[in-house]
Structure formats: C-alpha cells, structure tokens
Amino acid sequence: MLAFIVLWAGTQTEIVSYLSSEKAMALARFQRLWPRMKENYMSKVCRRAFCSRNEEKKMFKSEIPTEADVVVVGGGIIGCSVAYHLAKLGKDVVLLERDKITSGTTWHAAGLMVTFGSLSETSTEFRKYTKSLYQSLEEETGQSTGFKGCGFIELATNEDRLEEYRRVSTFNRKCGIDVQELTPDEILSLFPLCKVDDVLAGFYVEGDGRVNPVDAATALAKGAKMSGANIVENCPVTGVIKTKNGRAGGVTVSVGGSTQEIKAGTVVNCAGMWARQLGEMAGVCIPNQAAEHYYLITDEMEDVNPDWPVIEDPSSYTYIRPEGGGLLVGLFETEAAAWNVPRIPDNCSFTEISPDWDRMSPYLEKAMERVPRTLEVGAKNFFCGPESFTPDLAPIVGEAPELPGYFVGAGLNSIGILTGGGVGKLLAHWITYGEPDMDVTGINIDRLHPYMMNSLYRSHRVVESLGMVYQCHYPFKSMQSARDVKRSPIHSRLEKQGAYFKDVSGWEGADWYAGEGKIAEMGKLSFGKHEWFPIWKKEHDAVREGVGLIDMSFMSKFLVQGRDAGKMLNYLSTANVDEDSEMITYTQWLDDSGHMQADLTVTKMTDEKYFVVATDTMHRHVETWMKRHIGDQHVVVTDVTGAYAQINLQGPKSRDLLQSLTSHDVSNEKFPFRTAREIDIGYAKALCGH
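Residues numbered from 1 in each chain as written. Predicted model: local features only at pLDDT ≥ 70, side-chain atom pairs only at ≥ 80, totals over all residues. Heavy atoms only, no water.

A. Spotlight on the overall build of the chain. When helices and strands are tallied, the chain shows 16 helices and 30 strands. Relative to the compact-globule value of 26 Å for 690 residues, the chain shows a C-alpha radius of gyration of 28 Å, a close match. Taken over the C-alpha atoms alone, the chain extends approximately 85 × 60 × 40 Å along its principal axes. If you average the places of the 72 positive and of the 91 negative side-chain charges in the chain, the two averages end up 2 Å apart. (Helix = DSSP H or I, 4+ residues; strand = E, 2+ residues; numbered from the N terminus. Rg over C-alpha atoms; globule rule 2.2 N^0.38 Å. Lys, Arg positive; Asp, Glu negative; His and termini not counted. Charge placed at Lys NZ, Arg CZ, Asp CG, Glu CD.)

Structure representation (structure tokens):
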C-alpha cells in the first residue's frame, strides 16, 4: 500500500431505599442526627488510628538529618512503602511527614485488598505482590496489617458486565490469579444477605479480602525503620533543592519557624493529594485532583459474619464488606465532586467532609438495595473524605521529565492500599538501579501534559475519572469531559464531513465519519460491533482499494538541530539515521538493558536538521529521552507538534491524488520509498514523506 504523509504548518438512624415521603422523612432524621453520630464515630476511628502512638513516638524520631541518599516526602501508604523498599536495598532514607503518618488519605481508606479486576499486567503484579507483602509483614515487624483473606466477589448484573468480567477473568488467570465464576446460589452461600435475584454471575477470588490501612502503613514504616530509615513527623517540606547541573538535590523543611536543608541525590514525592502542589515547587507536572469519596458504616448486625467476603457491585455503585459488627457500604458514584480545586489546604489532617445528601442519596439508596438488611438498621457513620484521582485513572509513577532525580508515586485513584506494596517496590528498584523492572508505559509520569494542571481541566475531568471506576469499560468509550484542548487546522472540515471525534492525548481525533452534513453519534456502547461498523468498514475498504485522508496531527513531532544532531540520534537509534539527506528511517530507541524506549521515525533533512515523529502517547517520553542524552553536544531539540498538521494520504491511489495537487514529480522514480522533501500544494509549502 502506498502512503504519503504531508505536514504543514436513621432515627434509630434508619436508612431507606426509596424516597417516598415516609422514607424521605427517615432519611432527614438521619441527617439531623449526623453531627452526633460523626463525633462518636470519629472518636473511635481516631483511637484506632493512634492506638500505637506511644510506640510510634519512639519509632518516628524527631531529629532531622542534614543529608541522605533519598528523601521521601509523604507518610501515607505509598511513602511508607517506598521508604521500606529503599531501606531494604541498603539506601540511607529519610521519610518526611507533614503531620502524622497516615493523616492524609490513608487513614480513612476502605482497605480492600483484591487482585481481581485489572487488564494491566503491571497493576495485577502490583496487587499480587502487595497482598503477599501484607501477609508477611507481621512476622517481620511484629505489627499486624490486619489482612484477612476472606475472599472477594465481583457481581455481574447484566450481559455487558458479564462479558467484561469474563474478559478480565481470562486475563487475570493468565497472570496467575485463581478466578472462579459463581452462580447466584453460590454467591448467596458465601454472603447470605446479598440480593441475587438480578445477578447473572459472580467472579470469586478466594484468597483476596481486606486489610487495615493504618496498620499496614505502620507495619511498612516500622519495617523501614528496622532497616535503618529515618522517619520524621511534623516536618513540612517547603522547597526542593536543585543542583548546578539541573538535578534534584534535596529539600528544605520548616522546623520551629526556621528553614533547614536536607541534601539528597533523590527526592520522591509521595504526598498524595498534595503531590501536585509539592510538584509545583520544583516545576514538575503532577495533575492529580482530590474529590469526595463516600462510605457508610452500619450499626452492628447480629446476622453478619465477619468472615464473609467483600462484595463489589459496580452496577449499584458499591462495594460491601463486614466492618465493626455491621457492614461497610462504599460508593463510587458516576458523577463525582471535586474538592478544593485551587489548592488543598496545607494544614488539613484526618479530614472529613460534610456529606452532600442531595447528590449522594440516590447512589446510597441504590447501593444499600444490594443488601436490603442495611435498610433496616441504624448507621454509625456516613463518611466523606478526600481522595485524589488522575485524568486517565492511572497512577502517576516515575522520574519527572522536568527534573532528573525527582521521582513521583501519587495519584493512585483509590487503589493505593491494594497496589501500594508493588508501587513502592518498583520505585525503589528504579531509584537504586536506574531503570524500572516492570513495564511502566501506562503509569509513567511523562505521559501527562502541563495543560492538565489547569484548574478548570482538573475540576471537569475528575468528575468523570472517578465516575469511570464503576462504569462498564467499553473498548470504544472515550472521555467526554475537558475536551477541545487541541484541534488540528482541518478540524472544521472534518466536522462538516460528520466526524466522530475522540480524545487523543488532548487532541480531537476523527475516528469515523457519519457523512457530510450529518452528526456522528456513538450510539449504544457495546463489546461487539457498533451500529456504525458498516461506515467504518466502508472507510477501510476505501483506503485498501483507493485513497483515504487521515488527520494524524496528534502525532508528536520534534525538530532536532545542530552539528551533533545526527551523531546523537544515531547513538539513540538501532538503525542508521545519519545517511543521505531527505531520507526517512523507521527505528527503535533502546536503553542500556536493551528495553525499548521508543518506536518512531527519524527524517534527515540536512546534516544539521532532523525531524523526529513519534506516537502521541510517548510525546514527553521521547522529548525527555533526547534532551537527557545531549550532554555537551551541539544539539537543540524543539517540540513542533502544534506547529505542524500531519495529514496522511493512504491507499494505492494516494500518489495519483497527491500528483494532482502539486507541481513536483512524486512518481516512484523521482520520489521513492523513504523520501522526504518539501513540495508545493496550492499556495502552501509542505514537508512530504513517502
């Protein structure tokens, strides 16, 4: 196939399930009782969180060192895990906590520890390792994590959910997880209070279950301390030190009104919902955003067995598990609420947010219908606390592209407890050996862009990203919030052809066309063929048999110039990219261990001018990879992605179409494969590659 690419510039605290007038009154009574319930419950939670404080005071020393190999900022589950694993590898580590260990969001986590659910091998391995770690920490440290392998069941209540979970199960089994598909009767035998008349199947992992988040973080911190780490509480970080050669060189902290420096070769930002603000101190892009997260804890229920498994029912927005003699009913609503978009307060700890009853009542009612007995008992608490989420619902992990030596482990999207051990282990390995030992493509911090830091973007996107947690994950679903960030120059023309646009790394990318003058509608989402599949087939046939125009302006584009540009690019590439001018070379970039870092094309225009084109998802990764290999060479890398539209003409008749538009000879003899040169198209000049 020929292809040309053209670029140009209850009262009894009763909770009820239906808002009939009688039940609405019961709900209102519950709301009036809320302040007293909250006070009683919070005193119990705080006693539990601080039950070991006398021991912890001995463990978490107040002396602040002046230097260390690594400074870890943040004493939640991730920070404690990073410190634990670094100390195990022999690193001199200091963990700095602004207030108290777990006081950010870890303290109120629901504590699920499940391995089922991910289609990412990396995330699945995180979960498997974390569960194993929580089971072994007590023997190592003497501190229980509260792990209870009571089992986990995912409920499928419609055909689409059934299809999704069967796909997930197949993948999880490939990763070594024993997932069993259960009948409704089998589910009822394991969780007798669960309503199963609408359930098609359950997906059960026997050894999964739950953990106590405070105990787990404390065990990791204790293990870190036993391996030589320093843990300092009440020590807010006020700045990041940068060395003369542009690396992270430590932090400044506030101590008794004065500022002190701690020099270190590596800084790790594990500040949870404060990670974005801490990153801004060093010019690092970390676009996570806090949102409200809810769960309800019922009064004690005599018919609840504490050994029952965790039930998750995304179609009812809920997960349910035994807690304190009753049940915990957790929620992930489809439309969330952002919390403190401008700035997370520096002084908030063990934070609880007043519930938004009007917004959350429908979700709570739907959730409690899954276990109808919860509607007949009182409630200890309807809890709302902040939790941070990312634009694409994937963690933010890795070395910041803006600052070498500055690592991030944040934005865990409510799965910090169940992946925390794995994330900490990965970062410790990366820091110690200079590279990750797992595939980090989908979680690497360099996939994210500065525009995502904008407050309007974060406030809109977090509503959808949290809401995606329990929605059905259809393969063709595209994010709908915070759109129209970037458009190509021909966007309006594609729109007139009835283009259906999807989010492509912030760009509006045309996926298929309804036809001129028509409005493209996705229609009902499915795991099978959509109603617009015939249109898509027609487009494919046109490209196979004739010619098609494809707007790929979202591709990452870089101009690399200087007398050493060819030398540097050849060093990075597996192929020789420094041959004849006006030549395109498809190549890979590998690291010192032979792992692939990029898959792209390098076009040599002249001896001192090259054009690098990579996929949209690797934009900042490719840019950073080049800039970190320049050294003292005479090379300048310029991001020109937004300066050029990229229009692909593809198909056996692409040459005929292009020839009709230009005075240049684009025959195979004059314009052979791998050629790139400037041509005219109408009144414009364009860089054309074959």
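B. Highlighting helix α11 (residues 455-467). Spanning 13 residues, α11 covers 19 Å between terminal C-alpha atoms, matching the ideal 18 Å at 1.5 Å per step. Of all the bends in α11, the largest measures some 30° and sits at Arg461. Buried within α11 are the following residues: Tyr457, Arg458, Ser459, Arg461, Val462, Glu464, Ser465, Leu466 and Gly467. Residues of α11 that are buried sit in contact with α8 (275-280), β13 (289-298), β17 (379-389) and β20 (499-504). (Expected span 1.5 Å × (residues − 1). Bend = angle between axes of the 7 residues up to and from the residue. Buried < 20%, exposed > 50% of the residue type's maximum accessible area, 1.4 Å probe, protein only. Contact = heavy atoms within 4.5 Å.)

C. The arrangement of the pattern of salt bridges in detail. A full pass over the atoms with the stated rule returns 32 salt bridges. A salt bridge links Asp578 to Lys604; its shortest N-O distance comes to 2.9 Å. On the criterion of sequence distance, the pair formed by Asp578 in the loop between α14 (565-572) and β24 (583-590) and Lys604 in strand β25 (residues 596-606) is long-range, its members being 26 residues apart. Between Arg677 and Glu582 there is a salt bridge, with the nearest N and O atoms lying 3.3 Å from each other. You can see Arg677 sitting in strand β29 (residues 676-681) and its partner Glu582 sitting in the loop between α14 and β24, a full 95 residues away along the chain. Put simply, Lys195, Asp197, Asp198, Asp313 and Arg370 are held in one network by salt bridges that share partners. (Salt bridge = Lys/Arg side-chain N within 4 Å of Asp/Glu carboxyl O.)

D. Representation of the environment of Gly562. Within the element layout of this structure, Gly562 appears in the loop between β23 (556-561) and α14. Residues Gly562 and Val637, spaced 75 residues apart in sequence, show a C-alpha to C-alpha distance of 9.0 Å. Sequence-distant contacts of Gly562, that is, excluding residues within four places in its chain, are made with Asp607, Glu608 and His634.

E. The arrangement of the sheet that holds strand β14 (residues 310-313) in detail. Spatially, β6-β7-β5-β14-β15-β16-β13-β17 is the arrangement adopted by the eight strands of the open sheet, whose pairing is mixed. The open sheet has two free edges, formed respectively by β6 (180-182) and β17, since each of these has just one partner strand. Neighbouring strand axes in the sheet, compared pairwise and without regard to direction, differ in orientation by 25° on average. As paired strands, strand β5 (residues 152-156) and strand β7 (residues 201-205) are joined by five bridges and run antiparallel to one another. Note that in β7 the partner of Phe152 across the bridge is Val205. Across the sheet, helix α9 (residues 357-368) touches β13, β15 (318-323), β16 (326-331) and β17, and the angle it forms with β16 is around 125°. Sitting on the sheet, α11 touches β13 and β17, and the angle it makes with β13 is about 35°. (Pairing = 2+ DSSP bridges. Axes fitted to C-alpha atoms, helices over the stretch in contact; angles between N-to-C directions.)

F. View of the sheet that holds strand β27 (residues 636-639). Spatially, β24-β25-β26-β23-β27 is the arrangement adopted by the five strands of the open sheet, whose pairing is antiparallel. Taken across any chain shown, the strands that pair with only one partner, and hence form the sheet edges, are β24 and β27. Pairwise comparison of adjacent strand axes, ignoring direction, gives a mean angle of 25° for this sheet. Strand direction decides the pairing type here: β23 and β27, joined by four bridges, are antiparallel.

G. Broad picture of the packing of helix α3 (residues 77-88) against helix α7 (residues 213-226). At a closest axis distance of 8 Å, the pairing of α3 and α7 adopts a crossing angle of 25°. Taken together, the axis directions place α3 and α7 in an arrangement best described as roughly parallel. For the pair α3 and α7, the sense of crossing is left-handed. On α7, the residues touching Ile77, Cys80, Ser81, Ala83, Tyr84 and Ala87 of α3 are Pro213, Ala216, Ala217, Leu220, Ala221, Gly223 and Ala224. Tallied by class, residues from the contact of α3 with α7 come to eleven nonpolar, two polar and no charged. (Parallel < 35°, antiparallel > 145°, perpendicular 65-115°, else oblique. Left-handed = near helix turned anticlockwise from the far one by under 90°. Nonpolar A, V, L, I, M, F, W, Y, C, P; charged D, E, K, R; others polar.)

H. Representation of the pairing of β20 within the structure. When β20 meets strand β21 (residues 507-513), the two strands line up antiparallel, connected through six bridges. Within β21, the position partnered with Val504 by the bridge is Trp507. With antiparallel pairing between neighbouring strands as the criterion, β20 and β21 make up a hairpin whose turn holds two residues, including Ser505 at a positive phi of roughly 50°.

I. Region of interest: the side chain of Asp160. Position of Asp160 among the secondary structure elements: in helix α5 (residues 159-174). Taking relative accessible area as the criterion, Asp160 reaches 18% and is therefore assigned buried.

J. A look at the environment of His108. Topologically, His108 is positioned in the loop between β3 (93-96) and β4 (112-113). Judged by relative accessible area, which is 2%, His108 ranks as buried. Along the backbone, His108 and Ala282 are 174 residues apart, and their C-alpha atoms lie at a distance of 29 Å. Leaving out residues up to four positions away in the same chain, His108 has contacts with Tyr295, Thr351, Phe383, Gly385, Pro386 and Glu387.

K. Highlighting a nonpolar patch on the surface. Judged by side-chain polarity, Val547, Leu657 and Leu661 come together as a nonpolar surface patch covering roughly 200 Å² of accessible area. Mapping Leu661 onto the fold places it in the loop between α16 (654-659) and β29. (Patch = residues over 30% accessible without salt bridge, like charges linked within 9 Å, V, L, I, M, F, W, Y side chains within 5 Å. Areas by Shrake-Rupley, 256 points an atom, 1.4 Å probe, with all protein chains shown as cover.)

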